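Overview (structure and organization)
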Amino acid sequence: MWRTRWMARVAERGEAPHPPVLIVFNHIGARDPNRTVPRLQELTRLLWAGGPADGYSSYDTKIPIFATGLRNLREHGPNGPVFLRFGRTHMQPLRDAIGKPRRDTVLARRAERARAQQAEYQEQLRRAAEQKRAEREAARPPCAGCGTKFDNDRWENTQLSPEPGHRRHPTLCEPCEDKTVAAADQAERDRLEQEAAVTAEKARGWPSRFRPGQAP
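The paragraphs below set out a description of the structure included in this document. (Residues numbered from 1 in each chain as written. Predicted model: local features only at pLDDT ≥ 70, side-chain atom pairs only at ≥ 80, totals over all residues. Heavy atoms only, no water.)

Let's shift gears to the packing of aromatic side chains. Scanning all chains against the criterion turns up one aromatic pair. Here the aromatic rings of W48 and F86 are separated by 6.2 Å at their centres, their planes lie at 75°, and the arrangement is edge-to-face. Placement of the pair is W48 in helix 3 (residues 45-48) and F86 in the loop between strand 5 (84-85) and helix 5 (94-98), with a sequence separation of 38 residues. This pair shows no difference in class: W48 is buried, exactly as F86 is. (Phe/Tyr/Trp six-rings, centres within 6.5 Å; stacked < 30°, edge-to-face > 60°. Helix = DSSP H or I, 4+ residues; strand = E, 2+ residues; numbered from the N terminus. Buried < 20%, exposed > 50% of the residue type's maximum accessible area, 1.4 Å probe, protein only.)

Listed below in structure tokens is the structure:
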């Protein structure tokens, strides 16, 4: 009947337990709860008994059943160890009786192992990335002029254009390349100026070879 009145929702760890049922005995008359409770546990075992779940008991779609007596409640109060969960052998406070310590312990250990494995995996990734960075840094070329290591942009540019040219020097960093290009440009200007001066000097010397009135 309980299952027809209650739609179990999936709870933590993928289980969908039903709300617990509390049976309170008032010992009046000849009927002894100490004999009634074991008999009641056997009659309702299919409703509350958990199944094996890799190291602990799963109570998926099961109904937790608890028993207590009015005398114990009066003596110890609702927070005392006066609740017997069907399937267990000792009285417990209500929160402990509702809890599932063996399952919580197994799952906590499993979660800790998973965290440790994840941390180890992340550490492996970190070491691999660090080794890759170290190998890349070891392969990073230095400038042939000043010895400074190329930055990423310069290194990429020299890989895209590895052939040297008049204005491209892949073995030099950008500042040294600029200086080299500027020096080459200045040398070219000096050469052209020198050639122009020599040509002008020759042009000035040509008229002195001829006398007035003589044909060349």
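Reported here for the largest pocket is a volume of approximately 340 Å³. Taken together, 18 residues line the largest pocket, and the ones lying closest to its centre are P33, N34, T68, G69 and N72. Top contributing element to the lining of the largest pocket by residue count: helix 2 (residues 33-43), with five residues. Residues belonging to the lining of the largest pocket are distributed by class as follows: eight nonpolar, seven polar and three charged. Empty space within the second largest pocket amounts to approximately 230 Å³. Every element with two or more residues in the lining of the second largest pocket is listed here: helix 3 and helix 6 (101-139). Ranked by the residues each element gives to the lining of the second largest pocket, the list is headed by helix 6, at three residues. Its residues placed into classes, the lining of the second largest pocket shows six nonpolar, three polar and six charged. (1 Å grid on protein atoms, 1.4 Å probe; cavity = no way out; pocket = protein on both sides within 12 Å on 5 of 7 lines; lining within 4 Å. Points joined across faces, edges and corners; volume = space filled by probe spheres on them. Nonpolar A, V, L, I, M, F, W, Y, C, P; charged D, E, K, R; others polar.)

Scanning all chains against the criterion turns up nine salt bridges. Here R45 and E42 are joined by a salt bridge, their closest N and O atoms 2.9 Å apart. Assessed through its relative accessible area of 37%, R45 is described here as partly exposed. The partner of E177 in a salt bridge is R154, and the shortest N-O contact between them spans 3.2 Å. In this pair, E177 sits in helix 8 (residues 174-205) while R154 sits in helix 7 (residues 152-160), placing the two residues 23 residues apart along the sequence. (Salt bridge = Lys/Arg side-chain N within 4 Å of Asp/Glu carboxyl O.)

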